[in-house]
Amino acid sequence: MLCQRLLRQRGQNPVNWLCELEPMITAAGFQESSAVPHIVNYSYGVPMHEDWKRDLMLWTRKWLPQMIELGLITQEAALSLGERVQREMSFPNFHALQHFLTVWGRKS
């Protein structure tokens, strides 16, 4: 996946960063840390679909130039990919989930 390659080239681990949130809270001096996972369905037809579609297009416009700059994708491929993302998210059979993690702790 291009986003994972971009993150790796920027020195970030795209897989393990969620796992690091709770230890980071503890390292920052918080006690009794907790984590709660969340899932958001932004499939075609759900109430939040259009808002999430707009957000994803904003992220796409942010990430594609960085992918071009790092040589992960050509300008032509980026343009095509951006158009494809927008087009496919408009199909009635588009299904998508986004996962999040909320982490908090108490600091004395």
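Report follows, based on the coordinates. Here the structure is a predicted model, which is why all the values come from computation and not from measurement. (Residues numbered from 1 in each chain as written. Predicted model: local features only at pLDDT ≥ 70, side-chain atom pairs only at ≥ 80, totals over all residues. Heavy atoms only, no water.)

**Some remarks on the pattern of salt bridges**
Where charged atoms from two side chains of opposite charge come close, those side chains can pair.
Phase 1: Applying the stated criterion across every chain, the model contains three salt bridges.
Phase 2: Notably, a salt bridge pairs Arg-106 with Glu-32, separated by 2.7 Å at the nearest N-O pair. Of this pair, Arg-106 sits in strand β2 (residues 97–106) while Glu-32 is found in strand β1 (residues 31–41), placing the two residues 74 residues apart along the sequence.
Phase 3: Taking the relative accessible area as the measure of exposure, Arg-106 reaches 39% and is therefore partly exposed.
Phase 4: The residue Glu-88 makes a salt bridge to Arg-84 at a minimum N-O spacing of 2.7 Å. On the criterion of helical spacing, the pair formed by Glu-88 and Arg-84 is a turn pair, its members being four residues apart in helix α4 (residues 75–89). (Salt bridge = Lys/Arg side-chain N within 4 Å of Asp/Glu carboxyl O. Helix = DSSP H or I, 4+ residues; strand = E, 2+ residues; numbered from the N terminus. Buried < 20%, exposed > 50% of the residue type's maximum accessible area, 1.4 Å probe, protein only.)

**A short note on α4**
Think of an α-helix as turning once every 3.6 residues; residues three or four places apart then point the same way.
Phase 1: Spanning 15 residues, α4 covers 21 Å between terminal C-alpha atoms, matching the ideal 21 Å at 1.5 Å per step.
Phase 2: Three or more residues of α4 are buried, namely Ala-78, Gly-82 and Met-89. End-on view of α4: buried residues confined to an arc of 55°, all on one side of the axis. Across from the buried face of α4, at angles greater than 90 degrees, the exposed residues are Glu-76 and Leu-79.
Phase 3: Of the surrounding elements, those touching the buried residues of α4 are α3 (49–69). (Expected span 1.5 Å × (residues − 1). Arc of directions from axis to C-beta. Contact = heavy atoms within 4.5 Å.)

**Quick notes on the packing of α3 against α4**
Phase 1: Taken N-terminus to C-terminus, the directions of α3 and α4 make an angle of 170°; their axes are 10 Å apart at the nearest point. If you check the angle between α3 and α4, you find them roughly antiparallel. Contacts between α3 and α4 involve His-49, Trp-52, Lys-53, Leu-56, Met-57, Thr-60, Leu-64 and Ile-68 from the first element and Gln-75, Ala-78, Leu-81, Gly-82, Val-85, Gln-86 and Met-89 from the second.
Phase 2: Considered class by class, the residues forming the contact of α3 with α4 number nine nonpolar, five polar and one charged. (Axes fitted to C-alpha atoms, helices over the stretch in contact; angles between N-to-C directions. Parallel < 35°, antiparallel > 145°, perpendicular 65-115°, else oblique. Nonpolar A, V, L, I, M, F, W, Y, C, P; charged D, E, K, R; others polar.)

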